[in-house]
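# Examination of the molecular architecture
The primary structure of each chain is shown beneath.
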Amino acid sequence: MGEAAVEMVRNKQVVLKEFVVGAPKETAMEIRQGKASLRAPTGVEGAIVVKNLYLSCDPYMRGRMRDYSDSYIPPFQPGSVIEGFGVAKVVDSTNPNFCVGDYITGLTGWEEYSTIVRTEQLRKIEVFDVPLSYHVGLLGMTGFTAYVGFYEICAPKKGDFVFVSAASGAVGQLVGQLAKLHGCYVVGSAGSAQKVDLLKNKLGFDEAFNYKEEPDLTEALRSYFPKGIDIYFDNVGGAMLDAALLNMRVHGRVAVCGMVSQHAVSDPKGISNLYTLVMKRIRMEGFIQSDYLHLFPKFLPTIIDLYKQGRIVYIEDMNEGLENGPAAFVGLFTGNNVGKQVVCVSRE
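The rules behind these values
- Residues numbered from 1 in each chain as written.
- Predicted model: local features only at pLDDT ≥ 70, side-chain atom pairs only at ≥ 80, totals over all residues.
- Heavy atoms only, no water.
- Salt bridge = Lys/Arg side-chain N within 4 Å of Asp/Glu carboxyl O.
- Helix = DSSP H or I, 4+ residues; strand = E, 2+ residues; numbered from the N terminus.
- Buried < 20%, exposed > 50% of the residue type's maximum accessible area, 1.4 Å probe, protein only.
- Phe/Tyr/Trp six-rings, centres within 6.5 Å; stacked < 30°, edge-to-face > 60°.

### So, the pattern of salt bridges
Under the definition given, this model contains 13 salt bridges. Note that Asp160 is salt-bridged to Arg253, the shortest N-O span being 2.8 Å. Linking Asp160 in the loop between α3 (141-153) and β8 (161-164) with Arg253 in strand β12 (residues 248-256), this pair joins segments that are 93 residues apart in sequence. Comparing Asp160 with Arg253, the two get one shared label, buried. Between Asp206 and Lys180 there is a salt bridge, with its nearest N and O atoms 3.0 Å apart. Here Asp206, found in the loop between α5 (193-201) and β10 (207-210), pairs with Lys180, found in helix α4 (residues 172-181); they are 26 residues apart in sequence, far enough to count as distant.

### Points about the packing of aromatic side chains
What the rule picks out here adds up to 18 aromatic pairs. Residues Phe329 and Phe333 carry aromatic rings whose centres are separated by 5.3 Å and whose planes lie at 75° to one another, so their mutual orientation is edge-to-face. As far as the burial class goes, Phe329 and Phe333 line up, both buried. A network of ring pairs unites the aromatic residues Phe161, Phe163, Tyr185, Phe209, Tyr224, Phe225 and Tyr232 as a single cluster.

### Here's the deal with unusual backbone geometry
In the Ramachandran plot, Ala155 falls in the positive-phi region, its phi being about 45° despite a non-glycine side chain. Inspection of the secondary structure assignment puts Ala155 in the loop between α3 and β8. Classification of Ala155 as partly exposed rests on a relative accessible area of 34%. Even without a glycine there, the phi angle at Ala166 is positive, about 50°. Assessed through its relative accessible area of 29%, Ala166 is described here as partly exposed.

Here it is, written out as structure tokens:
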């Protein structure tokens, strides 16, 4: 009895209260005090129990908050703990691949402690001379998304004209820097003067503009790309995608990474300028990073080397405390974050 009691701890959790319609709201989530066992379940082969340290806020999670199952990843269920990518420390294990004390990254619960049964896509962290939280950003899903989206989907060539929307965000900031290292001309859009300054003076973009101050996005892009756009890395969709399509060059490439402008819309609007795909022979392709996991062993050392050499930088927006997780997540859709939005659950 006493031993069993020692194995149980209080477990703060973020729970989805109801499916979300329209813009995500903090009130759709609640903080709940649960309990967690610090022992891996008996009778379940290969399970681990982890203490969560850092959680990643990602726009794709909004799609899991709606009552829609025809997707590559199932929806969250009301009354259940939400999940996302995180960095955690193993506190118990029946899995030969993960030992007590190991640090791992992968899908985990938005809670202080999680029991993970499906461990196939977890990765043991073996690089510790960069911040641990970077394993959900620069060295994690978002960094890998930028890497495969730019190199595999965009098929860049030196001298290409590249436009990146939401360019100061988790993915966009790395896409722009990779494009510059590849010898491209790069312009980014963002939603504030602070972010525009960041893009030009810290991340090395050639130009950047505040889309909120542009009355005509088509003309704005034309002014920055008088010869047209070879590559558009699309993170927002909507009006920005429509404007970019009108400014694409012949044989241009559009990588559709995300459509954050549409997450707050229950009835998304159609794209008006798709006819340009025929006129200019444009290739537009959506993608998810998990289709390219075979490239991760190449991605990781490449990005680590660039970071250590000071050839790329990475900007994080860190929120302290799991109880601030819902606000941090909702802030993604109003542009509150500057850089990669991360929630610190515990430093250790």
